[in-house]
Amino acid sequence: MRRISGALELLRAADARLDAVLIERRSLGPGRTRATSLEDIGHALLGSVAEPDALARDLVRIAEAVHRAFPGNLFWDFDFLAACLAKAEAGVRGEMTERIVALQDRFGLSSPICFRYVHDFMYGFDWARWVQKAPDSRRGVGPFDLVFLSYLDRRGGELVKLISENDAKYPRLEAGVMRNPFEFPREPEDEARLHEDLARRGLIPVEAWRFDAVPRFSEPFSDLRRERALSLG
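Notes on the structure follow.

Examining the side chain of R228
Piece 1. With respect to the secondary-structure elements, R228 resides in helix α11 (residues 221-231).
Piece 2. When its relative accessible area of 16% is taken as the criterion, R228 is described as buried.
Piece 3. At a separation of 2.8 Å, a polar atom in the side chain of R228 contacts the side chain of D197.
Piece 4. Setting aside its immediate chain neighbours within four residues, R228 contacts L194, D197, L198, R201 and L203.

Below is the structure:
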């Protein structure tokens, strides 16, 4: 316990900072209301890694980047992401962290892309859609692996270029407007109702509230989400 006490303190302090500025860090886990705290994630994982302080700092950096880029984000399940970081070699984990932090700024409210939530990334909708386009070559790539993170960075650059050209699907936005390229509304109440429904039905590609989640791509998750959105009105 003494070996990880400093790392746990880092996570505890980050929890306090986030709780001071967020109403609630909700979980999509069926039967749960609040996401696992960073400190509790630390209790579960830090004892198994060689550099617990480094892992704690990486988790804090990612959580604070999510809040900075997506201040209205609703669901905060970091369990599976943390487990992936814990399993990675130190050098790879460091690069994963750098890329994940950069992606928040690339896609968040301070960017021309200006998405409202990190849900499509954290819960695997972006990843599942990407794997489905070339399953034979991509099925072995996880949702937080460097190959996929590199793709997302390139895709972000493509979107920024489309926005600069005032593309029909990705136009420039007026100040204060958040982007929604989907056919269904994503206001907070709509977002929460839809994704809680999907979680109850087992239609989330990455069950990010589980340390032992098994990411799935074989089902048409984006189409199923659209159908559920229409069914829910």
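Some details on the environment of A82
Piece 1. Looking at the element boundaries, A82 is found in helix α4 (residues 79-87).
Piece 2. Distance from A82 to F121, taken between C-alpha atoms, is 14 Å for residues 39 residues apart in sequence.
Piece 3. Each residue touching A82, except ones within four places of it in the same chain, is listed here: I41, L45 and L59.

Brief notes about the nonpolar core
Piece 1. Counting residues in hydrophobic clusters, the biggest one holds 73 residues, and the most contacted among them are I62, F78, Y123, W127 and I204.
Piece 2. With nine residues, the single largest contributor to this core is helix α3 (residues 52-69).
Piece 3. Sequence-distant contacts of I62, that is, excluding residues within four places in its chain, are made with F78, L81, L85, T97, I100 and V101.

With respect to the packing of helix α10 (residues 188-200) against α11
To describe two helices that pack against each other, one gives the angle between their axes and the distance between the axes.
Piece 1. Where α10 meets α11, the closest approach of the two axes is 10 Å, and the angle between their N-to-C directions is 120 degrees. In terms of their interaxial angle, α10 and α11 are classed as oblique. Between α10 and α11 lies a crossing of right-handed hand. Contacts between α10 and α11 pair L194, H195, D197 and L198 from the former with L224, R225, R228 and A229 from the latter.
Piece 2. Here the residues of the contact of α10 with α11 are counted per class, giving four nonpolar, one polar and three charged.

Focus: α10
Piece 1. End to end, α10 covers 18 Å across 13 residues, agreeing with the expected 18 Å (1.5 Å per residue, within 8%).
Piece 2. Among all positions of α10, only E191, A192, L194, H195, D197, L198 and A199 are buried.
Piece 3. Tucked into the core, α10 has its buried residues touching α6 (119-122), α7 (125-133) and α11.
Piece 4. Just past α10, the residue G202 takes up positive phi, approximately 70 degrees.

Considerations on the packing of helix α1 (residues 5-21) against helix α2 (residues 38-45)
Piece 1. Between α1 and α2, the least distance of the axes is 7 Å, while the angle of their chain directions is 160 degrees. Viewed along their axes, α1 and α2 adopt a mutual orientation that is roughly antiparallel. In this structure, α1 contributes L8, L11, R12, A14, D15 and L18 to the contact, and α2 contributes L38, E39, G42 and H43.
Piece 2. Grouping the amino acids of the contact of α1 with α2 by side-chain chemistry returns five nonpolar, two polar and three charged.

Things to note about the pattern of salt bridges
Piece 1. Scanning the entire structure with this criterion turns up 29 salt bridges.
Piece 2. Across the pair R34 and D19 runs a salt bridge whose closest N-O atoms are separated by 2.8 Å. Residue R34 is located in the loop between α1 and α2, and its partner D19 is located in helix α1; the two are separated by 15 residues in the primary sequence.
Piece 3. Judged by relative accessible area, which is 37%, R34 ranks as partly exposed.
Piece 4. Between D153 and R106 there is a salt bridge whose closest N-O contact spans 3.5 Å. Highlighted residues: D153 in helix α9 (residues 146-164) and R106 in helix α5 (residues 90-107), separated in sequence by 47 residues.
Piece 5. Owing to a relative accessible area of 27%, R106 belongs among the partly exposed residues under this scheme.
Piece 6. Members of the salt-bridge network, linked through shared partners, are D15, D19, R25 and R34.

What counts as what
- Residues numbered from 1 in each chain as written.
- Predicted model: local features only at pLDDT ≥ 70, side-chain atom pairs only at ≥ 80, totals over all residues.
- Heavy atoms only, no water.
- Helix = DSSP H or I, 4+ residues; strand = E, 2+ residues; numbered from the N terminus.
- Buried < 20%, exposed > 50% of the residue type's maximum accessible area, 1.4 Å probe, protein only.
- Polar contact = N/O pair within 3.5 Å; in protein donor to acceptor, adjacent residues only side chain to side chain.
- Contact = heavy atoms within 4.5 Å.
- Core = buried A, V, L, I, M, F, W, Y, C linked by side-chain atoms within 4.5 Å.
- Axes fitted to C-alpha atoms, helices over the stretch in contact; angles between N-to-C directions.
- Parallel < 35°, antiparallel > 145°, perpendicular 65-115°, else oblique.
- Left-handed = near helix turned anticlockwise from the far one by under 90°.
- Nonpolar A, V, L, I, M, F, W, Y, C, P; charged D, E, K, R; others polar.
- Expected span 1.5 Å × (residues − 1).
- Salt bridge = Lys/Arg side-chain N within 4 Å of Asp/Glu carboxyl O.

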